[in-house]
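Analysis of the macromolecular model
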Amino acid sequence: MEYTQLGRTGLKVSRLVLGTMNFGPQTDEATSHTIMDAALDAGLNFFDTANVYGWGENKGRTEEIVGSWFAKGDGRRDRTVLATKVYGNMGADGEAWPNHDKLSALNIRRAVEGSLKRLGTDYIDLYQFHHVDRATPFEEIWQAVDMLIQQGKILYAGSSNFPGYKIAQANETAARRGAVGLVSEQCLYNLFERRAEMEVIPAAREYGLGVIPWSPLHGGLLGGVLKKEAEGRRRTEGRAAATLADPASRARLQAYEDLLDKHGLEPGEVGLAWLLTRPGVTGPIVGPRTPEQLAGALRALEVELGEELLASLDEIFPGPGPSPEAFAW
């Protein structure tokens, strides 16, 4: 396993991040424990979750599964860099009670206590804002975060789904307070979806944030979806189905699969390996539903992409270009 620093911090994390969103809704507790054991055995030490995972009436269930795994002991918690998130409403479905969501100091305090209880731990390594809260000033957010750091309940703060200007605003506000500020940004980023290169990633690099891409295979579309579809092994739905219904998108995916077939490479492994070559990327989040899917993700660490292949991938999935030159003279 390869390790890197998380942004400008001294924290060492694995180049792959174990996403736990499927634990509970799609993967039962026993299998989830097996996947986490296999990840830790492989040296993958960075685990990501969120207070709302489990969804619907089971919000918080994913954190509980991670907590029951920690409770098995044998150094599991000490060897894990634990990241979770705050923003979503944790009230019962349909109950829009005030102050049970977003980033007010009150909800941050409430949400941390709930996550700590479900996770069965007394501290969270990386506490992430799951989304921008336009109604709460960063002065208030950092006041709450600073208190939690002083109490030893969290160590670092990160963002998720922030635009570039909000990353700048958050860290400039933190700097005025003499605080560390954001150390990571978790964003949608993959070969198919490269808009983060325009503003988010430049802002993250400028302020020393580690970039943690989510949906690295774009909902499975970069995992050999056309071949699986032809073999009857995959049925697409939702946004993935809509993307495949677009002739231009389908043609790009076909070109991608044909290119990698020519090189004898697996599409899913290449999609992850490509992200590992990107400047500023700490590591992509992989969300396996089975131990076999985890094993496939780990193989991406062994894939080496030559300059010619990288250039071919850029031709199929061109990025937006450098900022600001891409949209200015």
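Please refer to the structure higher up on the page.
My aim in this report is to walk through the structure given alongside it, one point at a time. Each residue is numbered by its place in its chain's sequence as written, counting from 1. With pLDDT at 70 or above as the cut-off, local features in this predicted model cover only qualifying residues; side-chain atom pairs require 80 or more to be listed or tallied, and sums for whole chains, interfaces and linings still use all residues. The side-chain quantities take in all heavy atoms of the structure and omit both hydrogens and water.

Across its full length, the chain holds 12 helices and 10 strands. Dimensions along the principal axes, computed over C-alpha positions, put the chain at roughly 55 × 55 × 40 Å. Partly exposed describes any residue whose relative accessible area lies between the buried limit of under 20% and the exposed limit of over 50%, with all areas from a 1.4 Å probe on protein chains only and scaled to the type maximum. Within the chain, buried positions represent 51% of all 329 residues. Note on definitions: a residue-residue contact is assigned when non-hydrogen atoms from the two residues lie within 4.5 Å. In the chain, the share of contacts with a sequence separation of at least 24, taken over all contacts with a separation of at least 6, comes to 77%. As displayed, the chain has an accessible area near 15300 Å², and 49% of this comes from carbon and sulfur atoms. Of the charged side chains in the chain, 35 are positive and 44 negative, and the gap between their average positions amounts to 3 Å. Labels follow the DSSP assignment, with helices taken as runs of H or I lasting at least four residues and strands as runs of E lasting at least two, numbered in each case from the N terminus. Exposure was quantified through the Shrake-Rupley algorithm and a 1.4 Å probe, taking into account, for residues, occlusion by the shown protein chains and nothing else. His is not counted here, nor are the chain ends, while Lys and Arg score as positive and Asp and Glu score as negative. Note on charges: their place is set at NZ of Lys, CZ of Arg, CG of Asp or CD of Glu.

The next thing to look at is the packing of aromatic side chains. The geometry of an aromatic ring pair comes down to the distance between the two centres and the angle between the two planes. Stacked, edge-to-face and tilted labels apply to pairs of Phe, Tyr and Trp rings (six-membered ring for Trp) whose centres lie within 6.5 Å, assigned for plane angles under 30 degrees, over 60, and everything in between, in that order. Summed over the entire model, instances satisfying the criterion amount to eight aromatic pairs. Between the aromatic rings of Trp 69 and Phe 70, the centroid separation amounts to 5.5 Å while the plane-to-plane angle is 45°, which identifies the pairing as tilted. A single burial state applies to Trp 69 and to Phe 70, both of which are buried. Taken together, a centroid distance of 5.5 Å and an interplanar angle of 70° make the contact between Tyr 256 and Phe 317 edge-to-face. Placement of the pair is Tyr 256 in helix 9 (residues 247-263) and Phe 317 in the segment after helix 12 (307-316), with a sequence separation of 61 residues. The exposure classification of Tyr 256 matches that of Phe 317, with both residues buried. One aromatic cluster is present, formed by Phe 47, Trp 69 and Phe 70 through successive ring pairs.

Moving on, we come to the environment of Asp 48. Among the structural elements, Asp 48 can be located in strand 4 (residues 46-48). Separated by 79 residues in sequence, Asp 48 and Tyr 127 have C-alpha atoms that sit 9.9 Å apart.

Let us look at the pattern of salt bridges. Put simply, a salt bridge is a Lys or Arg side-chain nitrogen that is within 4 Å of an Asp or Glu carboxyl oxygen. Taken as a whole and assessed by the stated rule, the structure comprises 14 salt bridges. Notably, a salt bridge pairs Arg 77 with Asp 125, separated by 3.0 Å at the nearest N-O pair. Within this pair, whereas Arg 77 is found in the loop between helix 2 (61-70) and strand 5 (81-86), its partner Asp 125 is found in strand 6 (residues 124-129), the two being separated by 48 residues in sequence. With respect to class, Arg 77 is no different from Asp 125; both count as buried. The closest approach of N and O atoms between Arg 194 and Glu 197, which form a salt bridge, is 2.9 Å. Several salt bridges share partner residues, and in doing so they unite Glu 29, Arg 61 and Glu 64 into one network.

A few words on the environment of Gly 271. Within the element layout of this structure, Gly 271 appears in helix 10 (residues 267-276). Under the relative-accessibility criterion, Gly 271 is labelled buried at 1%. Through-space distance from the C-alpha of Gly 271 to that of Leu 221 is 9.9 Å; in sequence the pair is 50 residues apart. Residue contacts for Gly 271: discarding those within four places in its chain leaves Pro 216, Leu 217 and Tyr 256.

On to the pairing of strand 7 (residues 154-160). Taken across its seven residues, strand 7 has five buried, putting it largely inside the fold. Here a strand pair is declared whenever DSSP counts at least two bridges between the two strands. Across five bridges, strand 6 lies against strand 7 in parallel orientation. By the bridge assignment for strand 7, Gln 128 is matched with Gly 158. Considered for its hand, the β-α-β crossover made up of strand 6, helix 4 (residues 138-150) and strand 7 is right-handed. In the sheet, strand 7 pairs with strand 8 (residues 182-188) via three bridges, with the strands oriented parallel. Looking at strand 8, one finds that Ser 159 is bridged to Glu 185. With its strands directed away from the observer, a crossover is right-handed exactly when the path from the first strand over the helix to the second travels clockwise.

A few words now on the sheet that holds strand 4. With respect to topology, eight strands assemble into an open sheet ordered 9-8-7-6-5-4-3-10, the strand pairing being parallel. Looking along the sheet, the strands with just one partner apiece sit at the ends: strand 9 (210-214) and strand 10 (285-286). One ladder, built from five bridges, connects strand 8 with strand 9; its direction is parallel. Bridging from a neighbouring strand, Cys 187 pairs with Pro 213 of strand 9. Axis definition: a line fit to C-alpha positions, over the contact stretch in the case of helices; interaxial angles, taken between N-to-C directions, run 0 to 180 degrees. Strand contacts of helix 4: strand 6, strand 7 and strand 8, with the helix running at about 150° to strand 7, the strand carrying the most contacts.

So, about the side chain of Thr 9. You can see Thr 9 is positioned in the loop between strand 1 (3-5) and strand 2 (12-14). Contacts described as polar in this section are N or O atom pairs within 3.5 Å, which, within protein, must combine one atom able to donate a hydrogen with one able to accept it, while residues neighboring in sequence count only if both atoms come from side chains. Of the polar contacts made by the side chain of Thr 9, one reaches the backbone oxygen of Leu 6; its length is 2.7 Å. Residues contacting Thr 9, with those up to four places away along its chain left out, are Tyr 156 and Val 183.

What follows is about the packing of helix 4 against helix 5 (residues 164-176). Where helix 4 contacts helix 5, the two axes come as close as 10 Å, and the packing angle between them is 60°. By the angle class used here, helix 4 and helix 5 are oblique. As for the relative orientation of helix 4 and helix 5, their crossing is right-handed in sense. The residues of helix 5 that touch helix 4, namely those facing Phe 138, Glu 139 and Trp 142, are Lys 166, Gln 169, Ala 170, Asn 171, Thr 173, Ala 174 and Arg 176. Any angle that is under 35 degrees is reported as roughly parallel, and any over 145 degrees as roughly antiparallel; angles of 65 to 115 degrees are reported as roughly perpendicular and all others as oblique. Should the near helix be turned anticlockwise from the far one by less than a right angle, the crossing is termed left-handed; should it be turned clockwise, right-handed.

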